[in-house]
Amino acid sequence: MDNGYALDLKMHNSKGMAFLNRMRTHSFSHNIFSMNLHEINEALKLIENPEIGINLMAQDNREQGDQAFREVNRLFHNLLASAKTLIEHTRIFMDKYYSNTVIYQAYSQKIEDSFANNELCKFIQDLRNYILHQGLPHSEMSLSAKRDGPIETAINLDVEKLESWSRWSSKSKQYLSKSGEKIKLSQLTTEYGQKINDLYEWLDNHLHKYHKHELDELESMRNEYISKYE
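Residues numbered from 1 in each chain as written. Predicted model: local features only at pLDDT ≥ 70, side-chain atom pairs only at ≥ 80, totals over all residues. Heavy atoms only, no water.

Peer 1: Could you give an account of the overall build of the protein chain, with specific residues and numbers?
Peer 2: Scanning the protein chain from N- to C-terminus turns up ten helices and three strands. Secondary structure elements in the protein chain, listed N-terminal to C-terminal, are α-α-α-α-α-α-β-β-α-α-β-α-α. By principal-axis analysis of the C-alpha atoms, the protein chain measures approximately 75 × 40 × 35 Å. Residues classed as buried in the protein chain amount to 39% of the 230 residues present. (Helix = DSSP H or I, 4+ residues; strand = E, 2+ residues; numbered from the N terminus. Buried < 20%, exposed > 50% of the residue type's maximum accessible area, 1.4 Å probe, protein only.)

This is the structure:
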C-alpha cells in the first residue's frame with residue numbers, strides 16, 4: 001500500500017477528524033440561527049432608519065409598510081424557531097457524544113448559570129409557547145420624538161397585551177414587569193442573539209480544548225503528509 005494513501009487513511013479515521021466532522025455537522029444548526037438573527041436585525045435596522053421608517057408609516061405607503069411589518073414578523077418567528085432547534089440539537093449532541101464527561105458537566109453548569117434562571121431567556125422560551133398557542137404577539141410600528149431630540153422609528157411588542165396571557169412563568173413576569181409599556185424588538189433580538197452566540201462560542205472553545213490531544217495528533221499527521229507527499 002502506498003504510504004501516502006496509508007497516512008491519508010489514518011488521518012481520515014482519526015479521533016481528531018471524527019471530532020471536526022461532527023462539529024461541522026452541528027455547525028449547520030448554528031448557521032441557521034445566525035442567518036435568521038442577521039436577517040431580522042438588518043430588517044429592523046432599515047425600519048429604525050427614520051427616513052425609511054417614516055416613509056413606511058405614511059398613509060400613501062400603507063401597502064409597502066404592511067409588507068415590511070409582515071416580513072419582520074415572519075423573520076421573528078423564524079428566529080425563535082431556529083433558536084429552539086439549535087438548543088435541542090446541542091442538547092442531543094452533548095448527550096450523544098459527551099454524556100458522563102467533564103465537558104458535559106461544565107456545559108450543564110453553564111446552561112444552569114446563564115439560561116435556566118435568566119429572565120430574558122425564560123421570556124423567549126415562553127414567547128415561543130405564546131406564539132404556538134396564541135399566535136404572533138401584538139406589535140406595532142411606531143414613531144417617537146423628544147423635544148430637541150432625534151426622531152425614532154421602531155417595532156415594539158405591547159407589554160400590556162402580552163401580560164394578559166395567563167401562562168407566563170415567574171421569570172417571564174419579572175421580565176415583563178421591568179420592560180415598561182413596550183419592548184423594542186431590535187433590543188430583544190440583539191440581546192437574546194448575543195446570549196445564544198456567546199454560549200455557542202463558549203462550547204466551541206471548550207470542546208476544542210477537550211480534544212486538544214486528538215487535534216494535535218491530527219495536525220502532526222497533516223504536517224507529516226505535507227512534508228513527505230506535497
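Peer 1: Tell me what's going on with the packing of aromatic side chains, and back it up with residues and numbers.
Peer 2: Two descriptors summarise a pair of aromatic rings, namely the distance from one centre to the other and the angle between the planes of the rings. In total, this model carries eleven aromatic pairs according to the counting rule given. With 5.9 Å between their ring centres and 75 degrees between their planes, Tyr 98 and Tyr 210 make a pair best called edge-to-face. Highlighted residues: Tyr 98 in helix α4 (residues 62–98) and Tyr 210 in helix α9 (residues 185–210), separated in sequence by 112 residues. On the basis of relative accessible area, Tyr 98 is assigned to the buried category, the value being 1%. Residue Tyr 210 is classed as partly exposed on the basis of its relative accessible area, which comes to 38%. Note on Tyr 130 and Trp 165: the rings are 5.2 Å apart at their centroids and 85 degrees apart in plane angle, and the pair reads as edge-to-face. Of the two residues, Tyr 130 is situated in helix α6 (residues 119–134) and Trp 165 in the loop between α7 (159–163) and α8 (170–177); the sequence distance between them amounts to 35 residues. (Phe/Tyr/Trp six-rings, centres within 6.5 Å; stacked < 30°, edge-to-face > 60°.)

Peer 1: Talk me through the environment of Met 221; I want residue IDs and the actual numbers.
Peer 2: Following the sequence through the fold, Met 221 ends up in helix α10 (residues 212–229). Under the relative-accessibility criterion, Met 221 is labelled buried at 10%. In this structure the C-alpha to C-alpha distance between Met 221 and Leu 7, which are 214 residues apart in sequence, comes to 7.3 Å. When neighbours within four sequence positions are excluded, Met 221 is seen to be in contact with Leu 7, Lys 10, Met 11 and Ser 14. (Contact = heavy atoms within 4.5 Å.)

Peer 1: Which residues make up the sheet that holds strand β2 (residues 151–158), and what are the values?
Peer 2: Pairing is antiparallel across the open sheet formed by three strands, whose spatial order is β1-β2-β3. Among the strands making up the open sheet, the edge pair consists of β1 (139–145) and β3 (182–184). For this sheet, the mean angle separating the axes of adjacent strands, direction not counted, is 50 degrees. Direction of pairing for β2 relative to β3: antiparallel, over a ladder of three bridges. Each residue of the ladder has a partner; that of Leu 157, found in β3, is Ile 183. Across the face of the sheet, α9 comes into contact with β2 and β3 while running at roughly 55 degrees to β3. (Pairing = 2+ DSSP bridges. Axes fitted to C-alpha atoms, helices over the stretch in contact; angles between N-to-C directions.)

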